[in-house]
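Summary of structural features
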Amino acid sequence: MNPFRYGKIVSGQDFCGREPLLKQIIGYIKSSQNIVIQGERRIGKSSAIYEAVQRCKGIQYLYMDLLGIKSIDALCKRILRAIVVLEQKAGFFDKIIKTLSYLRPSISVDPITLMPTITFDASVELKANSIPEVLSLIESLHKKKRIVVVLDEFQDILQLGDAREALSLMRGKIQFQKDIPYVFAGSIRNKMDEIFTHPDSPFFKSAIPITVDPLPYPEFSEFLKKKFATGKRGINDEVLKKVFEIAHDIPGDIQQLCEALWTVTPSNSVTGLEKLKDVLELIFAREQKSYENDMSLLTDFQIRCLLTIAREGGNKVFSVPFMKSAGVNNPSSVRRAIRRMINLNILFESKNEYRFVNPFFRAWINYRGR
Ligand SMILES: Nc1ncnc2c1ncn2[C@@H]1O[C@H](COP(=O)(O)OP(=O)(O)OP(=O)(O)O)[C@@H](O)[C@H]1O
Ligand SMILES: [Mg+2]
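What counts and what doesn't
- Residues numbered from 1 in each chain as written.
- Chains lettered and ligands numbered in written order.
- Predicted model: local features only at pLDDT ≥ 70, side-chain atom pairs only at ≥ 80, totals over all residues.
- Heavy atoms only, no water.
- Helix = DSSP H or I, 4+ residues; strand = E, 2+ residues; numbered from the N terminus.
- Rg over C-alpha atoms; globule rule 2.2 N^0.38 Å.
- Contact = heavy atoms within 4.5 Å.
- Areas by Shrake-Rupley, 256 points an atom, 1.4 Å probe, with all protein chains shown as cover.
- Lys, Arg positive; Asp, Glu negative; His and termini not counted.
- Charge placed at Lys NZ, Arg CZ, Asp CG, Glu CD.
- Domains from an automatic or database assignment.
- Salt bridge = Lys/Arg side-chain N within 4 Å of Asp/Glu carboxyl O.
- Axes fitted to C-alpha atoms, helices over the stretch in contact; angles between N-to-C directions.
- Left-handed = near helix turned anticlockwise from the far one by under 90°.
- Nonpolar A, V, L, I, M, F, W, Y, C, P; charged D, E, K, R; others polar.
- Near = heavy atom within 4 Å.
- Polar contact = N/O pair within 3.5 Å; in protein donor to acceptor, adjacent residues only side chain to side chain.
- Core = buried A, V, L, I, M, F, W, Y, C linked by side-chain atoms within 4.5 Å.
- Buried < 20%, exposed > 50% of the residue type's maximum accessible area, 1.4 Å probe, protein only.
- Pairing = 2+ DSSP bridges.
- Arc of directions from axis to C-beta.

1. Let's talk about the overall build of the protein chain
Across its full length, the protein chain holds 15 helices and 11 strands. Taken over the C-alpha trace, the protein chain has a radius of gyration of 23 Å; the compact-globule value for 370 residues is 21 Å, and the two agree within 12%. By its C-alpha atoms, the protein chain is 65 × 55 × 40 Å across when sized along the principal axes. In the protein chain, the share of contacts with a sequence separation of at least 24, taken over all contacts with a separation of at least 6, comes to 71%. Working note: accessible area of the protein chain is about 18200 Å², and carbon and sulfur atoms make up 53% of it. In the protein chain, 54 positive and 41 negative side-chain charges are present, and the distance between their average locations comes to 1 Å.

Below, the structure written as structure tokens:
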């Protein structure tokens, strides 16, 4: 069986290294200190939190993913659903039903997954004043068992029209829950910064920041080599270094490449550099539809900018040579084009450089261009 995992949380045997980071997170959770975990996409934020909580004996994990939330109603309901999943005992359900009786909640067990689910009267929309109420339920839950509250993709709160009000109501409640550790995690660095480091934000300096960096090459490459060896496949440093380079050191993308490398390499053989072409072609075949879909959303001008970034990199996009190469002459229209591609989640900004969210999309553009 292919031993490489990507696109989801990894833990236990599939989790590599990060001992100092885990120790740090565990320490903060045990001392009920709120933390904010940031890092690039697919670097391993959610996995590090999950692994750390697994190692905190006696502390349970109340996990909410706020990805894509569009309203306070959705926010509250995600929190409530997480509470219901964690707390499956009838006594606590009674409390939820009582507190939120105006929503006519009903709790049932999903016949397929056997997980409890909560549904509300769809005609009632939860408003901002429900936020403190919902967070109070977390408090009641914590009185019965120790929990750590994880709010993943927390930056998406900023998408709410009334984000500020939501944030200040949350902050108002959370600051008094001194013995409940909250972990906020988010990928889009600038937006997370806005929430935690902007003096006007209700969450200003409310949690200790922790950055998740790429896994160091020596540790991660050993881990990957062992995985290849489980299927009698060899891989040398020359190939692995290239894999890290293509993936910009992002663990999720490295594992995706290794998954494909495994697929194109028969057992009892050693993978060489020549396999990388097959690997990328395999990934392109799997992902091409989504690249084409992304391209179809762009104007000709935006596509010209994108192709130039793919070819020349995105650190000098307002320079004369870049604009010449892209066939454009106005820096402010380049800026607008890039903004749009950031909004579409095609590009992101990192250390004054615009990069592809998906490194394989970039590789595909350059491959196709030849
Ligand atoms: N410690 C690790 N050991 C091995 N692989 C890892 C590790 N951390 C991350 N990965 C790889 O990266 C992938 C993404 O991990 P995870 O979902 O934890 O990252 P994330 O930063 O939360 O991503 P996102 O920004 O998409 O939420 C995993 O599926 C796995 O392939
Ligand atoms: Mg994540």
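The discussion continues.
2. Quick notes on the domain arrangement of the protein chain
Taken as a whole, the protein chain is organised into domain 1 (18-211) and domain 2 (291-370). Here domain 1 and domain 2 have C-alpha centroids that lie 35 Å from each other. Linking domain 1 to domain 2 there are one salt bridge. Between E40 and R355 there is a salt bridge, with the nearest N and O atoms lying 3.3 Å from each other.

3. Concerning the packing of helix α8 (residues 217-229) against helix α9 (residues 237-246)
Two elements in contact, α8 and α9, have axes separated by 11 Å at closest approach and are oriented at 115°. Two packed elements cross with a definite hand, and for α8 against α9 that hand is right-handed. Of the residues in α9, those in contact with Y217, F220, S221, L224 and K225 of α8 are D237, L240, K241 and F244. Here the contact of α8 with α9 is composed, by residue class, of five nonpolar, one polar and three charged.

4. Describing the site of ligand 1
Near ligand 1 you find 23 residues, and of these R5, K8, C16, K45 and S47 are the closest. Contacts to ligand 1 include Q255, whose side-chain N or O atom sits 2.9 Å from a nitrogen atom. The protein chains hide 94% of the 630 Å² of surface that ligand 1 would expose on its own. Contributions of two or more residues to the shell around ligand 1 are made by α2 (45-54) and α10 (251-264).

5. Details of the nonpolar core
With 52 residues, the main nonpolar core has L224, L306, L347 and F361 as its most contacted residues. The leading source of residues in this core is helix α11 (residues 275-296), at seven residues. Sequence-distant contacts of L306, that is, excluding residues within four places in its chain, are made with M295, L298, M341, I346, L347, F356, F361 and I365. Judged by nonpolar contacts, the second largest core, of 48 residues, contains L75, I118, I157 and L167.

6. Observations concerning the pairing of strand β6 (residues 182-186)
Burial runs high along β6: five of the five residues are buried. The two faces of β6 match: Y182, F184 and G186 on one face and V183 and A185 on the other face are all buried. Two strands pair when backbone bridges link them, and strand β1 (residues 35-38) and β6 are joined in this way by four bridges, in the parallel orientation. Across the sheet, the residue bridging to I35 is V183, located in β6. Bridge count between strand β5 (residues 147-152) and β6: three bridges; the pairing is parallel. Considered in β6, the bridge of V149 is made with Y182.

7. Quick look at the sheet that holds β5
Sheet architecture is open: five strands sit in the order β2-β5-β6-β1-β7, paired in parallel fashion. The two strands at the open ends of the sheet, each matched to only one other strand, are β2 (60-65) and β7 (208-211). Along the sheet, successive strands turn relative to each other by an average axial angle of 20°, direction set aside. Here β1 runs beside β7; their pairing, made up of four bridges, is parallel. What sits directly across from I35, in β7, is I208.

8. Focus on the pattern of salt bridges
Throughout the structure, instances matching the rule amount to 13 salt bridges. As a salt-bridge pair, R55 and E19 come within 3.2 Å of each other at their nearest N and O atoms. A residue pair is termed long-range when its members are at least 10 positions apart, and R55 in the loop between α2 and β2 and E19 in helix α1 (residues 19-30) qualify at 36 residues. On the basis of relative accessibility, which here comes to 32%, the residue R55 falls in the partly exposed class. In this structure, K225 engages D237 in a salt bridge whose closest nitrogen and oxygen atoms are separated by 3.1 Å. Within this pair, whereas K225 is found in helix α8, its partner D237 is found in helix α9, the two being separated by 12 residues in sequence. Residues participating in the shared-partner salt-bridge network are R5, D14 and K227.

9. Section: α9
Listing the buried residues of α9 in full gives V239, L240, V243 and F244. Buried residues of α9 fall within an arc of 140° about the axis and therefore sit on the same side. Pointing more than 90 degrees away from the buried face of α9 are the exposed residues E238 and E245. Along its buried surface, α9 packs onto α8, β8 (233-235), α10, β9 (269-271) and α11. Where α9 terminates, the next one or two residues include H248, which has phi positive at roughly 55°.

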